[in-house]
Amino acid sequence: MYRRLVVGLGFVALAASPLAAQRFEIGPRLGYVKWKAETGLKNAAMLGVDATYPVSSRLGIGVRFDVARPGTDGNYFPAEMTFGPGGSDTTMIFAVEQPLTVLQYMAQAQVETGGALSVFLKGGGGGRSITLDPEAAHGRITVSDWALMAGGGVRVRAGGGTSVMLEVQDLVYLRYTRNDINPVEPRFRPVRFPDVVPYQ
């Protein structure tokens, strides 16, 4: 299990539902992901969209979709190559990096204080998918599992059905392991120096 912190800025607008006289909120979100170092991922920007149905003035339920393109930290993915007579003269260690595509898709609920300046809390759960770079992984590999989210922030209502939201979130990827995104072939993983990085 690994956590990550997301700081985001969202713009939310009210739109009329084509299926009912009620209204729902939908808007884009721009964030920055600060991964824990042990994940082997570099910090990256994240884009997303929220769609929320206001059950009441203080409670909303909905869904969210996010995408990010982080790179891996090569220090956590070493490759070992040995050269020379008998294949044991010189050993070189390489740091292998690759770009990834991360997708998140969750259901969420939000409670807030209401008013022109509103404080809110939100939580949710769903799935996440991490797709490795096809060239580095020698094929298309996607690893999927469960994800959880909790966070909060402030909403400023600008009038005309438009709001601006600033929030901080903590996301948890269940059963995440660095080996799932390791682009190094087993035959090139450290043998002579196995403790270069403790694999997880």
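Here the residue numbers are simple positions, counted from 1 along each chain's written sequence. Per-residue local features are limited, in this predicted model, to residues with pLDDT of at least 70; the limit for side-chain atom pairs, both in listing and counting, is 80 or more; totals at the level of whole chains, interfaces and linings are taken over all residues. Computation of side-chain values covers all heavy atoms of the structure but excludes hydrogens and water.

(A) Quick look at the overall build of the protein. A helix here means a DSSP run of H or I that spans at least four residues, while a strand means a run of E at least two residues long, and both kinds are numbered starting from the N terminus. Across its full length, the protein holds 1 helix and 10 strands. Exposure is judged per residue with a 1.4 Å probe applied to protein chains only, and the accessible area is read against the type maximum: over 50% gives exposed, under 20% gives buried, and values in between give partly exposed. Here the protein, with 200 residues, has 39% of them falling under the buried criterion. Excluding contacts between residues fewer than 6 apart, the proportion of contacts in the protein whose partners are at least 24 apart in sequence is 59%. Carbon and sulfur atoms form 64% of the exposed surface of the protein, whose accessible area is close to 10500 Å². Here, two residues are considered to be in contact whenever any of their heavy atoms come within 4.5 Å of each other. Surface accessibility follows the Shrake-Rupley procedure with a 1.4 Å probe radius. Residue values consider only the protein chains on display as shielding.

(B) Inspection of the environment of Asn182 at higher detail. By secondary structure assignment, the location of Asn182 is in the segment after β10 (162–173). Residue Asn182 is classed as buried on the basis of its relative accessible area, which comes to 8%. As a C-alpha pair, Asn182 and Val96 span 86 residues in sequence and 8.8 Å in three-dimensional space.

(C) How the structure looks around the confidence of the model for the protein. In predicted models, pLDDT denotes the confidence assigned by the predictor to each residue on a 0 to 100 scale. Mean pLDDT for the protein: 79, with 78% of residues reaching 70 or above. Mean pLDDT values over the elements of the protein span from 45, in strand β1 (residues 2–16), up to 95, in strand β7 (residues 101–112). Here residues 1–21 scores under 50 on pLDDT; set against residues more than four positions off or in separate chains, the count is 88 contacts.

(D) The pattern of salt bridges, seen in detail. Every case where a carboxyl oxygen of Asp or Glu lies within 4 Å of a side-chain nitrogen of Lys or Arg is listed as a salt bridge. Here the structure, examined in full by the defined rule, presents 11 salt bridges. Residue Glu97 pairs with Lys42 through a salt bridge whose shortest N-O separation is 3.2 Å. Taken together, the residues span a long stretch of sequence, with Glu97 in the loop between β6 (90–95) and β7 and Lys42 in the loop between β2 (23–35) and β3 (44–54) at a distance of 55 residues. In this structure Glu97 comes out as partly exposed when scored by relative accessible area, which is 45%. One salt bridge connects Lys122 with Asp50, and the closest N-O pair in it is separated by 3.5 Å. With Lys122 in strand β8 (residues 117–131) and Asp50 in strand β3, this pair connects stretches of sequence that are 72 residues apart. Pair check on accessibility: Lys122 and Asp50 agree, each one buried.

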